[in-house]
Amino acid sequence: MTMLGDRQQLAYIASQAADARVNVELETEGMTLNIGPQHPATHGTLRIIARLDGEQVVWAEPSAGYMHRGYEKLTEVRTYPQVTALVNRIDWLGSFANEVPFILGAEKLMGVEAPARAQHIRTILFELSRIANVSLFLGDLGVQLGAVTPVFFAFRDREYVLNLIEGATGGRFHPNFDRIGGLKDDLPAGFIEETHSVMKKLRNFCDEIENLLFGNEIFQSRTRGIGVIPKDIALQYGLSGANLRASGVDWDLRRDQDLPMAWNKVDWNVITHPDGDSFARCWVRLQEVRESTKIVDQLLDTLPAGPVMAKVPKIIKVPEGEAFVSTENPLGEMGYYVVSQGDQGPFRVKIRSASFNNISIVPWVLKGVYVPDIITILASLYFILGDIDR
Amino acid sequence: MQWNEEVSPLSSTTDTTEAPRDERREAELARVVAALGGNVVDSLVKPNDDMWIRVTADTWRATGETLKSLGYTYFCFLSAIDWMPSPFGKGEDDPTAPPVERDTTIKHGYTGGDTRFQVLARVTQPFTSLGINIKVDVDDAAPVIDSWSGVYAGANWHERETHEMFGIGFNGHPDLRNMYLPTDFEGYPLRKDFPLLARIVKPWPGIVDVEPLPGDDSEEGEAS
Amino acid sequence: MFAALLSSIPYWGQSLLRVLGGLVAVLLPAGTVVYLFLFKMMSFMQSRLGPMEAGPYGSMQLFAEVGKWLQKEDIVPDAARPEARIFKLAPLIVLASTFLLVVVVPFGPDALFTNFETGIFYALAVSSVSVLGILIAGWSSANKYSLLGGLRAAGQLIAYELPMVLAVVGVVIQAGTMNLQQIVVAQNTGSIFGFDGIGNPYVITQFVAFIVFMIAVQAELTQTPFDMPIAESELVSGYMTEYSGFRFLIFFIGEFATAGVFAMIASVLFLGGWGVPFSWFGWTTIDSIDNWMNVGGPLILFTKMLVLVFFIMWIRFSFPRFREDQLQRFAWKGLIPIALANIMLTAVLKVAF
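Quick caveat: nothing in here was measured; it's all calculated off a predicted structure. (Residues numbered from 1 in each chain as written. Chains lettered and ligands numbered in written order. Predicted model: local features only at pLDDT ≥ 70, side-chain atom pairs only at ≥ 80, totals over all residues.)

1. Digging into the overall build of chain A
Next, step 1: Broken down by element type, chain A carries 16 helices and eight strands.
Next, step 2: Its C-alpha atoms give chain A a radius of gyration of 21 Å, within 12% of the compact-globule value 21 Å for 390 residues.
Next, step 3: On the principal axes, the C-alpha backbone points of chain A span a range of 75 × 45 × 35 Å.
Next, step 4: Out of the 390 residues belonging to chain A, those deemed buried represent 59%. (Helix = DSSP H or I, 4+ residues; strand = E, 2+ residues; numbered from the N terminus. Rg over C-alpha atoms; globule rule 2.2 N^0.38 Å. Buried ≥ 20, exposed ≤ 12 C-beta atoms within 10 Å, placed from the backbone.)

2. Points about the overall build of chain B
Next, step 1: Helix and strand counts for chain B come out as five helices and seven strands.
Next, step 2: For chain B, the sequential pattern of α-helices and β-strands runs α-β-β-α-β-β-β-β-α-β-α-α.
Next, step 3: Looking at chain B residue by residue over its 224 residues, the buried ones come to 38%.
Next, step 4: Within chain B, residue pairs in contact and separated by at least 24 positions form 62% of the contacts whose partners lie at least 6 positions apart. (Contact = placed C-beta atoms within 7 Å.)

3. Some details on helix α2 (residues 60-69) of chain B
At 3.6 residues per turn, the α-helix brings residues three or four places apart onto the same side.
Residues and elements named next belong to chain B.
Next, step 1: Buried within α2 we find Trp60, Thr63, Gly64 and Leu67. Buried residues along α2 cover an arc of 100 degrees about the axis, so they all sit on one side.
Next, step 2: Looking at the buried side of α2, the elements it contacts are α1 (23-36), β2 (50-55), β4 (117-125), β5 (130-138) and β6 (144-146).
Next, step 3: Phi for glycine 71, located one or two positions after α2, is positive at around 105 degrees. (Arc of directions from axis to C-beta.)

4. Digging into the interface of chain B and chain A
Next, step 1: Contacts between the two partners involve 41 residues from chain B and, on the opposite side, 41 residues from chain A.
Next, step 2: Listing elements by their share of the side of chain B that touches chain A, those giving two or more residues are β3 (74-82), β4, β5 and α3 (155-166) of chain B.
Next, step 3: Broken down by element, the side of chain B that touches chain A gets its largest block of residues, six residues, from β3 of chain B.
Next, step 4: Residues of the side of chain B that touches chain A, tallied by class, amount to 22 nonpolar, 12 polar and seven charged. (Nonpolar A, V, L, I, M, F, W, Y, C, P; charged D, E, K, R; others polar.)

5. As for the environment of leucine 162 of chain C
Next, step 1: Checked against the element boundaries, leucine 162 of chain C lands in helix α7 (residues 144-175).
Next, step 2: Distance from leucine 162 of chain C to alanine 339 of chain C, taken between C-alpha atoms, is 9.3 Å for residues 177 residues apart in sequence.

6. Here's the deal with the sheet that holds strand β6 (residues 321-329) of chain A
Residue and element names in this part refer to chain A.
Next, step 1: Read across the open sheet, the three strands follow the order β6-β7-β8; overall the sheet is antiparallel. Each edge of the open sheet is held by one strand with a lone partner, namely β6 and β8 (348-352). Direction aside, the axes of adjacent strands within the sheet are offset by 10 degrees on average.
Next, step 2: In terms of strand pairing, β6 meets strand β7 (residues 332-340) through nine bridges, oriented antiparallel. What sits directly across from threonine 327, in β7, is methionine 334.
Next, step 3: This element, helix α4 (residues 95-110), spans β6 and β7 of the sheet and lies at about 150 degrees to β6. (Pairing = 2+ DSSP bridges. Axes fitted to C-alpha atoms, helices over the stretch in contact; angles between N-to-C directions.)

7. Describing the packing of helix α4 (residues 84-102) of chain C against helix α6 (residues 129-140) of chain C
All names here are of chain C.
Next, step 1: At a minimum axis separation of 8 Å, α4 and α6 run at an interaxial angle of 165 degrees. In terms of orientation, α4 lies roughly antiparallel with respect to α6. Considering only the axes of α4 and α6, their crossing is left-handed. Contact residues: α4 offers Ile86, Phe87, Leu89, Ala90, Pro91, Ile93, Val94, Ala96, Ser97 and Leu100, while α6 offers Val129, Ser130, Leu132, Gly133, Ile134, Ile136, Ala137 and Ser140.
Next, step 2: Class assignment for the residues of the contact of α4 with α6 results in 14 nonpolar, four polar and no charged. (Parallel < 35°, antiparallel > 145°, perpendicular 65-115°, else oblique. Left-handed = near helix turned anticlockwise from the far one by under 90°.)

8. Brief notes about helix α2 (residues 11-45) of chain C
All names here are of chain C.
Next, step 1: Taking 1.5 Å of rise per residue, 35 residues should cover 51 Å, and α2 covers 48 Å from first to last C-alpha, within 8% of that figure.
Next, step 2: Three or more residues of α2 are buried, namely Ala25, Val26, Pro29, Ala30, Val33, Val34, Tyr35, Phe37 and Phe39.
Next, step 3: Residues of α2 that are buried make contact with α3 (61-71), α4, α12 (245-270) and α13 (293-318).
Next, step 4: Residue serine 47 follows α2 closely and has a positive phi angle near 50 degrees. (Expected span 1.5 Å × (residues − 1).)

9. Here's the deal with the interface of chain A and chain C
Next, step 1: Across the boundary between the two partners, chain A contributes 30 residues, which contact 24 residues of chain C.
Next, step 2: Every element with two or more residues in the side of chain A that touches chain C is listed here: α1 (2-20), β1 (31-35), α5 (116-144), α6 (149-169), α8 (217-223) and α15 (371-381) of chain A.
Next, step 3: Taken together, the residues of the side of chain A that touches chain C break down into 18 nonpolar, seven polar and five charged.

10. Here's the deal with the sheet that holds strand β2 (residues 47-53) of chain A
Residue and element names in this part refer to chain A.
Next, step 1: Here we have three strands laid out as an open sheet, ordered β1-β2-β3, and antiparallel in their pairing. The open sheet terminates on both sides in strands that have one partner only, identified here as β1 and β3 (56-63). The sheet shows a mean angle of 20 degrees between the axes of neighbouring strands, taken without regard to direction.
Next, step 2: Bridging between β1 and β2 involves five bridges; their strand directions are antiparallel. By the bridge assignment, isoleucine 35 is partnered in β2 with isoleucine 48.

11. Focus: the nonpolar core
Next, step 1: Counting 270 residues, the largest nonpolar core has Ile374 of chain A together with Phe213, Ala216 and Ala266 of chain C as the members making the most contacts within it.
Next, step 2: For phenylalanine 213 of chain C, the residues in contact, after removing those within four places along its chain, are Met164, Ala167, Val168 and Ala266 of chain C. (Core = buried A, V, L, I, M, F, W, Y, C linked by C-beta atoms within 7 Å.)

12. Brief notes about the pairing of β2 of chain B
Residues and elements named next belong to chain B.
Next, step 1: Among the six residues that make up β2, six are buried, leaving the element largely enclosed by the rest of the structure.
Next, step 2: Burial along β2 is two-sided: Asp50, Trp52 and Arg54 facing one way and Met51, Ile53 and Val55 facing the other are all buried.
Next, step 3: Where strand β1 (residues 40-46) and β2 come together, six bridges link them in antiparallel fashion. In the strand pairing of β2, serine 43 is matched with isoleucine 53.
Next, step 4: Adjacent in sequence and paired antiparallel, β1 and β2 are bridged by three residues, among which asparagine 48 carries a positive phi angle near 55 degrees.

13. Observations regarding the confidence of the model for chain B
All names here are of chain B.
Next, step 1: The predicted model of chain B has a mean per-residue pLDDT of 76, with 79% of residues at 70 or higher.
Next, step 2: In the model, residues 1-17 has pLDDT below 50 throughout and makes 34 contacts with residues more than four positions away in sequence or in other chains.
Next, step 3: Counting contacts from residues 218-224, a segment whose pLDDT is below 50, to residues more than four positions away or on other chains yields five contacts.
Next, step 4: Among the prediction metrics, the complex's ipTM stands at 0.81, with pTM recorded as 0.82. (pLDDT = per-residue confidence, 0-100.)

14. So, the pairing of β2 of chain A
Next, step 1: Looking at chain direction, β2 of chain A and β3 of chain A are connected through seven bridges and run antiparallel. Pairing of leucine 52 of chain A across the sheet is with valine 57 of chain A, part of β3 of chain A.

15. Digging into the environment of serine 127 of chain C
All names here are of chain C.
Next, step 1: Considering the arrangement of structural elements, one finds serine 127 in helix α5 (residues 119-127).
Next, step 2: Using a count of 23 C-beta atoms within 10 Å as the deciding quantity, one classes serine 127 as buried.
Next, step 3: For serine 127 and alanine 64, which are 63 residues apart along the polypeptide, the C-alpha to C-alpha distance reads 30 Å.
Next, step 4: Contacts of serine 127, omitting those with residues within four sequence positions, involve Ser97, Leu101 and Glu220.

16. As for unusual backbone geometry
Residue and element names in this part refer to chain C.
Next, step 1: In this model, threonine 224 is joined to proline 225 through a cis peptide bond whose omega is 5 degrees.
Next, step 2: Along the chain, proline 225 turns up in the loop between α10 (207-220) and α11 (232-235).
Next, step 3: Notably, alanine 142 is not glycine yet its phi reads approximately 55 degrees, a positive angle.
Next, step 4: Relative to the helices and strands, alanine 142 is located in the loop between α6 and α7.
Next, step 5: Residue threonine 222 is not a glycine yet carries a positive backbone phi of 45 degrees.
Next, step 6: Inspection of the secondary structure puts threonine 222 in the loop between α10 and α11.

Dropping the structure here:
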């Protein structure tokens, strides 16, 4: 299966090379270009070492670790409720979504299930953080490609979503709102009407971005057919989320996994795209924001009454056992393998973050592209540094 | 979603309770175990939750290949577990006080184990979302195991991370460089006997101002 | 009369006036363009207000910015030390190209710096001087990003020089002259199929050339979607990366002044320049024009320039950027054939009518 992928890759390189190379005799010695760690395209401190032949990448290797905070070690000296404050900061743009799988894992080990209302609110906040995260991606995408305007639209409309999250949780970026057994609080008054109107704004934002960016021919020529990742390669590297669905794999953990969350109670679609190129990845994300607004709208209308907190002991001790819970986070599959030895804190937590896998494909996919395409491909793979380094 | 069930015992070999059945996962695990044959040391299904198997170290790579051919094409993660409890506890010791002696007896998790280190990987069948956690014992004296990077390309980075964090070698890995740490860094940070230095150089503020735990009024004086 | 007034001043006075006029002609459009478009229009497009604090409606922001840049240290990177003189010279070359360009732009019947017979030929020639400055800047910065940016700029500017020249050829054929002043007169005295109510602005009869010319201008100015040499998100401002303080300021002024000057040349070539259709006031030749046009002409030209710069900036703020190879393909496979076809057609029609 690998061979097929390599062959596609080679064909792509060959077609690019034919364009670029007038004469083999003109070939010169390569140049090594360090992209990052301080570089606008890496939004964070990722470093890409690229060996160039002219403007063409012969070999590229990302070098992460400038932001490694050792969360896996830190979780071992903290109690379960304290860990959520850490994992918030893994993918800092969609932070509430990071808390959920960890809390679900702990709940699974404890045999606790959050009440229906808490599950609904969790799902709403989860989707709101997805919208906040991905809408910024859509704006940032423009900047990476040289269009400055979309990012301001994105910041403008993300602010509404952040206000909602702040209104409900008290924190714009690091809500730390999820508790084992439910949530810290119920939704504030007026949240439902406000959220409905914001979701309408976000759908307008999606239309705007679609018109401004996705419909643009330059944008299409910069992204279509660039950085193609075939299905089997994507699976092998463990790509997840929109990156995987853009390669034509119809797999969404929200739909296909049986979690005590409210996704299965509402009507929405999993978006896939057969092409697997940069355009497909961006397009899938754009559509997912639309679907998320639909999910939020429906959940708000069907919000059940009742408590938001199950009965859990005041001092949380998790029984012995192991559990892996992963959810479909804005960046992809985010999972925690929690090992408990009956203590107040976890014995070991393996954090399976989406960007780590998503970015590990970079050496493969960057082979043979042009320097500007590095930026496009990195932007379309969409990583967040905290999510790579943890 | 029946998570309120009693927690299953830690190994199928001691399975005596009438836990709820999960035909889908049990059938799947039977299929996997049959395909892997003698490689499997132990296996476990937690109903409506997950599957675990433990394989022998010399068949690690073959296990990966078999699983891939069984439809587990999605590589989720690969890491390791150091089962020795930390001699530093939660890092909340007073650095000025004499060191605390702690019990470091190894207590293994699901599917048991014989060694301090276990490599843990997870692969998933896309579409069905059935995942399987594969554990393998790694020799404590020479913690080396075959690499999966030829089987699942994504294992490359995970093995690099495991190598630098646990000091476990991977035979056949193309490039076991450090990802996060400086090249000349000594020690393996995620091993339990590697102290969390931030907690050593400066006392954890939790030592100084211990809040009374809820419903625990009597121990208030202990902190001061 | 205006010309007579001018010739009564001693030669050094005339030279001083010309230098002052040149400064005004370069800096005024640059300042207006930056404030009006870069600060305000861009902000409004992006649903924000832009600078509001310095002066009424932020109008003094420009001076604040200039003051800020002038205070900054003039840094030469260590690696560029051996070539420090060249490194420091590069922005001046870029700005010099702008001044050389503005020399041939006619602002009124008598308000002009020089009246070259081959004005447009000269303008196209000196506009490439900026390539030298950019190449020098990119190379002497001793920075890989700058080098890539400089090389991209060179490749791009040379590639887009050609469609620009070819687009102008259509105008030159139709006007029958290379003198910019006479091109203005030809447009304002001309007629379209006998209708002379609006003269004959070549934007109508040479529409294809106009589009090609404006695209080429966009590329010459390295504005998005042709801003590969600068490309903040990949090359971190390319050849400008290592410049700071007033040298960066010179690049910056150069960029927007050139935008203004190119827009002026475009309005001279396609929009009738400083003139209004002569039939409106009953003028027949350039000598019969009222003297007030020497004041009104520059204003008319300035307005036309602003309209053109508006389009340049509009595209700049809303488009993503091309990739280097796509950009070259666009020039060589798209614009040049179109421009050549336009020349053919114009020549045929010129002979036919």
